[in-house]
Every structure is written in structure tokens, then in C-alpha cells.
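Descriptive structure summary
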Amino acid sequence: MRFLGPVEEDLLPELTRTLAEIEAPAFELAPRGLMVLPSLTRPRVLAAAVDPVPELHALQAEIERRVVDLGFTPEDRPFLPHITLARLKQVPTAAVRSFLQRHRDFALTPFPVRAFHLYESHLHPDGARYEILHRFPLQP
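Because the structure is predicted, anything quoted here is derived from the model rather than measured. (Residues numbered from 1 in each chain as written. Predicted model: local features only at pLDDT ≥ 70, side-chain atom pairs only at ≥ 80, totals over all residues. Heavy atoms only, no water.)

1. A short note on the overall build of the protein chain
A tally of regular secondary structure across the protein chain gives three helices and seven strands. Sequence-ordered secondary structure for the protein chain, helices as α and strands as β, is α-β-β-β-α-β-α-β-β-β. The principal-axis extent of the C-alpha atoms belonging to the protein chain is close to 45 × 35 × 25 Å. Within the protein chain, the proportion of its 140 residues that are buried is 31%. Once local pairs closer than 6 in sequence are excluded, the contacts in the protein chain between residues at least 24 apart make up 67%. A total accessible area of about 9400 Å² is found for the protein chain, and carbon and sulfur atoms account for 56% of it. The centroid of the 16 positive side-chain charges in the protein chain is displaced by 11 Å from the centroid of its 18 negative side-chain charges. (Helix = DSSP H or I, 4+ residues; strand = E, 2+ residues; numbered from the N terminus. Buried < 20%, exposed > 50% of the residue type's maximum accessible area, 1.4 Å probe, protein only. Contact = heavy atoms within 4.5 Å. Areas by Shrake-Rupley, 256 points an atom, 1.4 Å probe, with all protein chains shown as cover. Lys, Arg positive; Asp, Glu negative; His and termini not counted. Charge placed at Lys NZ, Arg CZ, Asp CG, Glu CD.)

2. Points about the nonpolar core
Counting residues in each nonpolar core, the largest one holds 20 residues, and the members touching the most others are Leu19, Phe27, Leu59, Phe116 and Leu138. Counting residues per element, the ones that place at least two in this core are helix H1 (12-20), strand E1 (27-29), helix H2 (54-69) and strand E6 (115-122). The leading source of residues in this core is H2, at four residues. Apart from residues no more than four positions distant in its own chain, Leu138 is found in contact with Ala24, Pro25, Ala26, Phe27, Leu59, Val113, Arg114, Ala115 and Phe116. In terms of nonpolar packing, the next biggest core, distinct from the first, is built from six residues, Leu34, Val36, Leu88 and Val96 among them. (Core = buried A, V, L, I, M, F, W, Y, C linked by side-chain atoms within 4.5 Å.)

3. Considerations on the pairing of strand E2 (residues 31-39)
Sheet analysis places E2 next to strand E3 (residues 42-50), joined by seven bridges and oriented antiparallel. Paired with Leu34 across the two strands is Ala48, which belongs to E3. Here E2 folds back onto E3, and the loop between the two strands holds two residues. (Pairing = 2+ DSSP bridges.)

4. A closer look at the sheet that holds E3
Strand order in the open sheet formed by three strands is E2-E3-E4, and the pairing between neighbours is antiparallel. Bordering the open sheet on either side are E2 and strand E4 (82-87), each of which pairs with just one other strand. Each strand axis lies, on average, 30° off the axis of its neighbour in the sheet, ignoring direction. Sheet strands touched by helix H3 (residues 93-102): E2 and E3. Its angle to E2, the strand with the most contacts, is close to 165°. (Axes fitted to C-alpha atoms, helices over the stretch in contact; angles between N-to-C directions.)

5. Some points on H1
Taken as a whole, H1 has its buried residues at Leu15, Thr16, Thr18 and Leu19. Burial along H1 is one-sided: seen end-on, the buried residues are contained in an arc of 170°. Of the exposed residues in H1, those oriented more than 90 degrees away from the buried face are Pro13 and Ala20. Where the residues of H1 are buried, they touch H2, E6 and strand E7 (129-137). (Arc of directions from axis to C-beta.)

Laid out in C-alpha cells, this is it:
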């Protein structure tokens with residue numbers, strides 16, 4: 001819900017503490033529809049769109065407020081909730097368009113969101129690997 005970029009090691013305990021203080025309710029997400037980011041003319045990510053959920057937007061806004069309070073630069077892009085399915089490298093636009101057309105009715109069964117996580121990404125030539133540093137439960 002928020003990319004932070006490099007985080008100084010000595011800031012990690014404060015970041016973890018402030019995120020752990022968030023009190024937000026659990027909710028459900030319903031993935032419906034596919035999209036490519038940043039655009040169809042420059043496809044880099046294939047993602048599932050999710051139905052708008054007020055609890056998700058409220059949680060993201062609270063995370064944003066808290067990380068900005070810690071000194072991170074405010075996010076300048078609007079929040080676009082999605083689930084990344086694949087990273088695309090040099091895929092022709094026509095192939096992406098065709099894939100989106102074939103899967104235009106994409107939808108998954110709604111699923112519960114009971115926690116959010118702080119991840120660290122490790123970049124490798126074959127793609128990023130993600131490590132969960134902390135899990136923050138949401139309220140039932």
C-alpha cells in the first residue's frame with residue numbers, strides 16, 4: 001500500500017512501532033478485472049483490480065500519514081489498489097491487449113484481509129524477492 005524505498009536501519013524500530021499502533025478493522029477484497037501499469041503503451045505490471053473498499057482506503061491513508069510523520073516524502077501518486085500478478089519485461093503491447101481481451105471477465109472470490117505486512121525487497125537478476133519483516137493484525 002506504500003513503497004518506502006531505502007529505510008535507514010535505525011529508523012526501522014520506530015517505523016515498526018508506529019505501524020503496530022494502527023487500529024483498523026479487517027475487511028474483504030474482491031479482485032475483479034485486470035489492468036497493466038503504468039499504462040498499456042508501457043506495460044510493466046499485470047495486476048488485478050480490486051473493488052473499492054472504504055476500510056482499505058482508510059488503512060492506506062493512515063499508513064501514509066504515519067510514514068510522512070516519520071519523515072518519508074509524501075506519495076505524489078493517487079492510491080490505486082491492486083494485486084500485482086506478474087512483472088512484464090519487453091512484452092509487445094499487442095500481446096498484452098490480446099491477453100486482457102481474452103481475460104476481460106477475470107474475477108476471484110472475495111477473500112478476507114486480516115493483517116498487513118512490512119516487506120523488504122531483495123533485488124536479483126531474475127526478479128525481486130520479498131521478505132516479511134513484520135505482520136500487523138487488523139481488528140476482527
